[in-house]
Amino acid sequence: MKASRGYFVGRVVKAILCYTRKRKNMNTKTYLKSALLIQAFLMLIPAFAAAATTFFTEDFEAPFVNGAPPGWSKIYKTKTTPVDWARWNGDIGVGDAAHGGSFNAILYYPDDGDHETYLITPAITFPASALSVTLEFWHKQPNWAGDQDTLKVYYGTKSTGPWTLLENFTSDVDDWTRRTINLPLDINSPFHIAFLGNARHGYGTCVDDVRVFEGNGDIGQTLSDDVINCYAVVVGIADYKDITDLQYCDNDAREVGNALYALGNWKKENIIVLVNSAATKENIQAAFQDMADAADENDICLFFFSGHGSAGPDVEPFDESDDYDEFLCTYDSLPDSYDNDISDDEFSDWFDALRTDKYAVFLDACHSGGQIKGLTSAIDIGAVKGLGTNVPQKGDGFAADFTRVLGVKDLDDNGRGVVITACDDDETSLESVLLRNGVFSYYLIEALRGAADSDFDFSISAEECYEYLKPRALAFNPDQHAQIYDAFTGELELSITNSFISKCSVKAGKSIPSDSITARGELTASTYTFDGVSSITVTIDSNNIDPCSFTFPVDENTYKYGKFSYSKTVDGVKKTFKYNAYTRKFYFSASKINLSGLDCPLTIQVQIGDFDITMRADESAVNGKRPIPIKLLMGVTDSIRIDKIKVSHGITDQLTVKGGFSVENVDVNMVESDFIAGLNEQTWTIPAGGFYSRKAKYACKKASATPDGIVNADFNFDSGAFKLTIKNTTISADSGAGNFFGLQLPSYLYNEVVEVNLP
């Protein structure tokens, strides 16, 4: 990697100063010699700057040819109503002068909406001996009554891309402003600079006096930092504006967002969840752009979509061998137009703007496998909007578009991203009444909550998610095969922390507040973390409780020889935290607190000075293999556990199930609606009125179930326990993994399914 001249100068000055500082007994004469040496060296710095070489200039004084200066090129990113860059004097109406000379470049359109066009330089070359390369230009984009034009600046080694984002200017710039951007030290020569303007009925985005030279600008651009941040855009649409509604896609999105947050390294402010009416095309694109602008090449990005998928006639660029583009249907998708859908071309453009190679895409939509590889033959898609019998062909899905846009020939060498879809190209993606999710999304959520950690390294990768969810989704719906396109080298880690909770115990008290919690595990912190630290904070959180925060003071009495220990009852709460900075093991406990409504996964956040880690604890870590005590779950909806299940085969079969459940309202009336129990694909329905009630307890004795069988059942809403027996029936069930038991109480109350192992 090449070092800049500024870097070299700084190192030499630093060396001289260090030498001077080390001479503790320096006399006056020697000191003056050192000072004169530094002064003489500093006088050389302007000579370095004056010797800077200019590699490229453009003043936009020559007439434009076909919407670009001579030698430049353009690409329309917005295909409908494309707009050309023009040679103009100033902007539209605010200022009437270019920055230098008589003309500048401007992108302007007198209407709202996005009108994006790339203006691309000729190839720019520089010698291998160049120590630094800087882009300089002058810029303005005045706001017009709330309408704001924008400008993005990219670089790339080809005039057609792919492009790497350098800077994004989205705010009001009333006067000509000098922009300087230090280009990456490892940039290849030749390269191109692309100015992507977006004309949104402002006064125009204007560029003038472009220069690329050797040297450092005075407004440096840091392309990345050493911190790995995680960003996500999570979309779920069940209630569409103008096309057919779905059932649980909004649930999918909310739970995926919660599962990401529970991983520990995902911050809430970096997870954008858009459901139903919020998931318009404009909002989705804006959210994705925010993610692209924030994430550098070290960061992790994730996009999740649950909703309708579609296909329609290929539009510019005409790149589909079957003449059909693929689409994701947004909330405002139209029944007779694709204008508000997200096409595969647009989608790949979005990902092209990401500076990171570490991105994961999860698509839960019918025929979503076509986004990876398309179809080999026409099928009857059915009622999905926009799909008749014409569907994408092999090689014409999103993955192929990623490849075209990126200019990569070998997908195995691409090194960019993982795409996982709910089903194959000729399959539909099932939503389940029992799961209250899409089948794919349900097992993806389980995977993200920790179940996918197959190698027990306390980290979860996109590939591990696929390996976990595919067989389980297939067991639930044999007609649905999840697909993967993996162009990322190695494992794409979604959870990047090796801090973990090895054991967590929660106990429900007999009164409020008298609950308690203990947790033990390991942290990535070490001894130095305590330098200058005055306190440690531990926060307990879950989806359904207000966070409980505990503070532990750090001083010479609590932290000695790399070990911290504090235990005391404060304001009636007994709290303990112990930590060994050498082994990294920690222990935490708190009692006489209120954990009503605690749900899995819960999170435990530990803050020690600058060290801040959030770890998850799901049911596998809480109380061994048993769920949290059921009393803690009162107030949490849609939760079920199975303590015991037994199938007896004889002249007539019998199914017995014992377990716990949770509902929001313990005063419900179960006699007003049908009750449904299910094992795999078999269901038994007990007609309304089959239950009688007594003090929050419901029971049905010998109630007839359709299509056959007699049901005995007891539900205790105080303890959250149930026992169910179905006899005088025929039960067909496999004798291994992949069996599912579900309950559907009155629809407004409860609906859940769990995986069980049958004897």
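Each remark here, short or long, concerns the structure printed above.
Predicted model only: the values in this text are computed from it and were never measured.

Quick notes on the rules
- Residues numbered from 1 in each chain as written.
- Predicted model: local features only at pLDDT ≥ 70, side-chain atom pairs only at ≥ 80, totals over all residues.
- Heavy atoms only, no water.
- Helix = DSSP H or I, 4+ residues; strand = E, 2+ residues; numbered from the N terminus.
- Buried < 20%, exposed > 50% of the residue type's maximum accessible area, 1.4 Å probe, protein only.
- Contact = heavy atoms within 4.5 Å.
- Areas by Shrake-Rupley, 256 points an atom, 1.4 Å probe, with all protein chains shown as cover.
- Phe/Tyr/Trp six-rings, centres within 6.5 Å; stacked < 30°, edge-to-face > 60°.
- Lys NZ or Arg CZ within 6 Å of the ring centre and 35° of its normal.
- Axes fitted to C-alpha atoms, helices over the stretch in contact; angles between N-to-C directions.
- Parallel < 35°, antiparallel > 145°, perpendicular 65-115°, else oblique.
- Left-handed = near helix turned anticlockwise from the far one by under 90°.
- Nonpolar A, V, L, I, M, F, W, Y, C, P; charged D, E, K, R; others polar.
- Expected span 1.5 Å × (residues − 1).
- Salt bridge = Lys/Arg side-chain N within 4 Å of Asp/Glu carboxyl O.
- Patch = residues over 30% accessible without salt bridge, like charges linked within 9 Å, V, L, I, M, F, W, Y side chains within 5 Å.
- Lys, Arg positive; Asp, Glu negative; His and termini not counted.
- Charge placed at Lys NZ, Arg CZ, Asp CG, Glu CD.

A.B. asks: Which parts of the structure should I look at to understand the overall build of the chain?
C.D. replies: When you go through the chain residue by residue, the secondary structure sums to eight helices and 42 strands. Each of the 759 residues in the chain was classed as buried or not, and the buried ones make up 53%. Residue pairs in contact within the chain that sit at least 24 positions apart in sequence constitute 68% of those at least 6 positions apart. Of the roughly 33300 Å² of accessible surface on the chain, 50% is carried by carbon and sulfur atoms.

A.B. asks: It is not clear to me how the packing of aromatic side chains should be interpreted in this structure. Could you clarify?
C.D. replies: The description of an aromatic ring pair rests on the distance of the ring centres and on the angle between the ring planes. With the rule as written, the count across this model stands at 32 aromatic pairs. Between the aromatic rings of phenylalanine 137 and phenylalanine 195, the centroid separation amounts to 5.2 Å while the plane-to-plane angle is 80°, which identifies the pairing as edge-to-face. Separated by 58 residues along the polypeptide, phenylalanine 137 in strand β6 (residues 133-141) and phenylalanine 195 in strand β10 (residues 192-198) bring together distant segments of the chain. Phenylalanine 195 shares its class with phenylalanine 137; the two are buried. Put simply, the rings of Phe56, Phe60, Phe64, Trp72, Phe137, Phe169 and Phe195 pair up and form one aromatic cluster. Taking the ring centre of phenylalanine 213 as reference, the NZ or CZ of arginine 211 above it sits at 3.8 Å.

A.B. asks: Before we go on, may I ask you to explain the packing of helix α7 (residues 439-451) against helix α8 (residues 462-476) in this structure?
C.D. replies: Helices that pack against each other are described as a pair by the angle of their axes relative to one another and the distance between those axes. Relative orientation of the contacting elements α7 and α8 amounts to 140°, with a least axis distance of 9 Å. For the element pair α7 / α8, the angle class is oblique. Considering the relative orientation of α7 and α8, their crossing is right-handed. Each of Val439, Phe440, Tyr443, Leu444, Glu446, Ala447, Leu448 and Ala451 in α7 lies in contact with α8, whose residues at this interface are Cys465, Tyr468, Leu469, Arg472, Ala473 and Phe476. For the contact of α7 with α8, a count of residues per class yields 12 nonpolar, no polar and two charged.

A.B. asks: When you look at helix α4 (residues 281-294) in this model, what are you seeing that I'm missing?
C.D. replies: Each full turn of the α-helix corresponds to 3.6 residues, which orients residues three or four apart in the same direction. Here α4 is 14 residues long and its end C-alpha atoms lie 20 Å apart, about the 20 Å a rise of 1.5 Å per residue gives. Buried residues of α4: Lys281, Ile284, Ala287, Phe288, Gln289, Met291 and Ala292, and no others.

A.B. asks: Hey, could you run me through unusual backbone geometry in this one?
C.D. replies: Among all residues except glycine, the phi angle is most often negative; among peptide bonds, the trans geometry is most common. A cis amide bond, omega 5°, links glycine 161 with the succeeding residue proline 162. Position of proline 162 among the secondary structure elements: in the loop between β7 (150-156) and β8 (164-169). Cis peptide bonds are those with omega within 30 degrees of zero, and the linkage from threonine 706 to proline 707 qualifies with 10°. Positioned with a positive phi, histidine 201 is a non-glycine residue whose angle comes to about 70°. Its place among the elements puts histidine 201 in the loop between β10 and β11 (205-214).

A.B. asks: How should the side chain of lysine 140 be read in this particular structure?
C.D. replies: Topologically, lysine 140 is positioned in strand β6. For lysine 140, a relative accessible area of 4% gives the class buried.

A.B. asks: Would you take a moment to explain the pattern of salt bridges for this structure?
C.D. replies: Where charged atoms of side chains with opposite charge meet at close range, the side chains can pair. Summed over all chains, the structure comprises nine salt bridges. Aspartate 91 is the salt-bridge partner of lysine 140, the closest N and O atoms lying 2.8 Å from each other. One end of the pair, lysine 140, is in strand β6; the other, aspartate 91, is in the loop between β3 (86-88) and β4 (104-107), and 49 residues separate them in sequence. As a salt-bridge pair, aspartate 114 and arginine 200 come within 2.1 Å of each other at their nearest N and O atoms. Of this pair, aspartate 114 sits in the loop between β4 and β5 (116-120) while arginine 200 sits in the loop between β10 and β11, placing them 86 residues apart in sequence. Using a relative accessible area of 27% as the deciding quantity, one classes arginine 200 as partly exposed. Salt bridges sharing common partners tie together Glu136, Arg178 and Arg211.

A.B. asks: What is the right way to read helix α5 (residues 344-352) from this model?
C.D. replies: Within α5, eight of the nine residues are buried, which leaves the element mostly enclosed by the surrounding structure. Taken together, the buried positions of α5 are occupied by Asp344, Asp345, Phe347, Ser348, Asp349, Trp350, Phe351 and Asp352.

A.B. asks: Is there a simple way to think about a positive patch on the surface in this case?
C.D. replies: The grouping of Lys644, Lys646, Lys658 and Lys723 at the surface amounts to a positive patch. Here lysine 723 lies in strand β40 (residues 721-729).

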